[in-house]
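Structural overview
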Amino acid sequence: MEHQQRSQGRLSPSSDTEDIVALLAPRLVHFAGVARTEHVTRAAQELQVPQSTLSRSLVRLEQDLGVDLFARHGRTLSLTPAGRAFLVSVERALAEIERAADEVRADADPATGKVAFGFLHTMGAETVPGLLHAFRADHPRIRFSLVQNHGDAMLEGLRAGELDLCLTSPVPDAPDLVARRLDEQKLRLVVPADHRLAGRRRIRLAEAADETFVTLEPGYGLRRITDALCAEAGFRPRVAFEGEEAETLRGLVAAGLGVALLPPPAVPRPEVVELTVTSPRAAREIGVAWLAERPDTPPVTAFKRFLLSRRGRLLPD
C-alpha cells in the first residue's frame, strides 16, 4: 500500500502545540507497540489492551496527523516512510518521559529522595553543614540540591519550584509562603583592629554615625536590617562598598575601608574587633520558609520536621 496524504486530517500546521500534544499523547504508546511488532494482535497482547481499542487508536492517530503511518496486509502491518520517521521521534519522546518519571519517583523516595534546600551565604560555613550532618545521621541516603543565595532570590526560587525549603532572614511575611522563626542571631559592629573604637567591648550604634560602612548589596536581608538599625539609631550610613558575602565585608573592614554590622564569624579574625551593640537591639531572626499549599515529598517532610525541631538551637554555639 503506497503512502498517501490523507485529505481529512484533524490537525492543521497552525494547530496549537498544546492541543496537538493533548490529542496525540495517549496514542503514541499504541503506535510504538504496533511498530515494534508489526502485528495488531501481538501488540494488543503485549500492551494488554483490546485489539479493537488498539486498531481504533491507530486509525485515529493517522486521521489526526492526516498521514498514513502503516501499510496494512491483513493483520500484519509495515511502516510507511512517514511512519518510520515518526517512530524515531516517538521512541525518543517516550524514552524521555520514562526517564523523567523515573527521576521524579526517585526524588520522592522516602529513603533516597532529594530535597532542594536554599540558605544564606552566612549560614554556609557552619550552620548548614552542621544541620545536614545531624539530619543524615537518621537519613543517610537522602540527597540534597543546595543553593546558597540572598533571601529575595531564594523566595523567588520557592515560587518557581526550584527550592523546597530555605533558611532566610528576615523571616518573610507573604500570603503565598509559610514561614517559621527558628532562631535569633546577634549582630556586631565590626571595626579594624587599629580603629578608635577597637578598645571598646560595647557600643551604641549612634556612636558610629560618622563612620563609613561596608554593606551587602540592596536586596539582601542583612542590608535591610543594617539600614533599619542605623535609621533607628538616628542616621543613614555612608556606604563605601556593597558586596555579596559577609566574610568579604569582614576582610574589607580589616583593610580599613569601613565598619560593618555582621553576624559572628565562623573563624575569628585577629585583624578586626567585634563590638556588642547595646542600642538599638541588633539581631536578626532566622527562619525556614516554604511555598504554601504545595504538597511535600516524604524527604522534604522529613527535613522540614527536622528543621522545626531545631527551634532555639539552630545556630552553632
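Residues numbered from 1 in each chain as written. Predicted model: local features only at pLDDT ≥ 70, side-chain atom pairs only at ≥ 80, totals over all residues. Heavy atoms only, no water.

As for the nonpolar core
- Counting 35 residues, the largest nonpolar core has Phe 117, Met 123, Phe 144, Leu 165, Leu 167, Phe 303 and Leu 307 as the members making the most contacts within it.
- Of all the secondary-structure elements, those providing two or more residues to this core are strand S3 (114–119), helix H5 (127–136), helix H6 (151–159), strand S5 (165–168), strand S6 (177–186), strand S13 (283–291) and helix H9 (298–308).
- For Phe 117, the contacting residues outside a window of four places in its chain are Val 128, Phe 144, Ser 145, Leu 146, Val 147, Leu 163, Leu 165, Cys 166, Leu 167, Phe 303 and Leu 307.
- Counting residues in hydrophobic clusters, the runner-up holds 29 residues, among them Val 190, Leu 197, Leu 275 and Ala 282. (Core = buried A, V, L, I, M, F, W, Y, C linked by side-chain atoms within 4.5 Å. Buried < 20%, exposed > 50% of the residue type's maximum accessible area, 1.4 Å probe, protein only. Helix = DSSP H or I, 4+ residues; strand = E, 2+ residues; numbered from the N terminus. Contact = heavy atoms within 4.5 Å.)

Re the packing of H5 against H9
- Where H5 meets H9, the axes come as close as 11 Å, and the angle between the chain directions of the two elements is 120 degrees. Pair H5 / H9 crosses with right-handed handedness. Here Leu 131, Leu 132, Ala 134 and Phe 135 of H5 lie close against H9, whose contacting residues are Ala 302, Phe 303, Phe 306 and Leu 307.
- Grouping the amino acids of the contact of H5 with H9 by side-chain chemistry returns eight nonpolar, no polar and no charged. (Axes fitted to C-alpha atoms, helices over the stretch in contact; angles between N-to-C directions. Left-handed = near helix turned anticlockwise from the far one by under 90°. Nonpolar A, V, L, I, M, F, W, Y, C, P; charged D, E, K, R; others polar.)

Description of the pattern of salt bridges
- Considering all chains together, one arrives at 22 salt bridges under this definition.
- Between Arg 72 and Glu 62 there is a salt bridge whose closest N-O contact spans 2.9 Å. Note that Arg 72 is positioned in strand S1 (residues 70–73) and Glu 62 in helix H3 (residues 51–65), a separation of 10 residues in sequence.
- Accessibility expressed as a relative area gives 32% for Arg 72, which makes it partly exposed.
- Here Glu 96 makes a salt bridge to Arg 99, at a shortest N to O gap of 2.7 Å. Of this pair, Glu 96 and Arg 99 both sit in helix H4 (residues 81–107), three residues apart, which is roughly one turn of the helix.
- Glu 96 gets classed as partly exposed once you look at its relative accessible area, which sits at 42%.
- Note on Arg 99: relative accessible area 40%, which makes it partly exposed.
- Among the ionic contacts, a cluster of salt bridges with common partners joins Arg 181, Glu 184, Arg 281 and Glu 285. (Salt bridge = Lys/Arg side-chain N within 4 Å of Asp/Glu carboxyl O.)

Some words on the packing of aromatic side chains
- Tallied over the entire structure, the rule returns 10 aromatic pairs.
- With 5.2 Å between their ring centres and 50 degrees between their planes, Phe 31 and Phe 86 make a pair best called tilted. Residue Phe 31 is found in helix H1 (residues 17–37), and its partner Phe 86 is found in helix H4; the two are separated by 55 residues along the sequence.
- Its relative accessible area of 0% is what places Phe 31 among the buried residues.
- Measuring from ring centre to ring centre gives 4.9 Å for Phe 117 and Phe 303, while their planes differ by 80 degrees; the resulting arrangement is edge-to-face. Remark: Phe 303 occurs in helix H9 and Phe 117 occurs in strand S3; sequence separation between them is 186 residues.
- Given the relative accessible area of 0%, Phe 303 is considered buried.
- By way of ring pairs, the aromatic residues Phe 117, Phe 119, Phe 135, Phe 144, Phe 303 and Phe 306 are connected into one cluster. (Phe/Tyr/Trp six-rings, centres within 6.5 Å; stacked < 30°, edge-to-face > 60°.)

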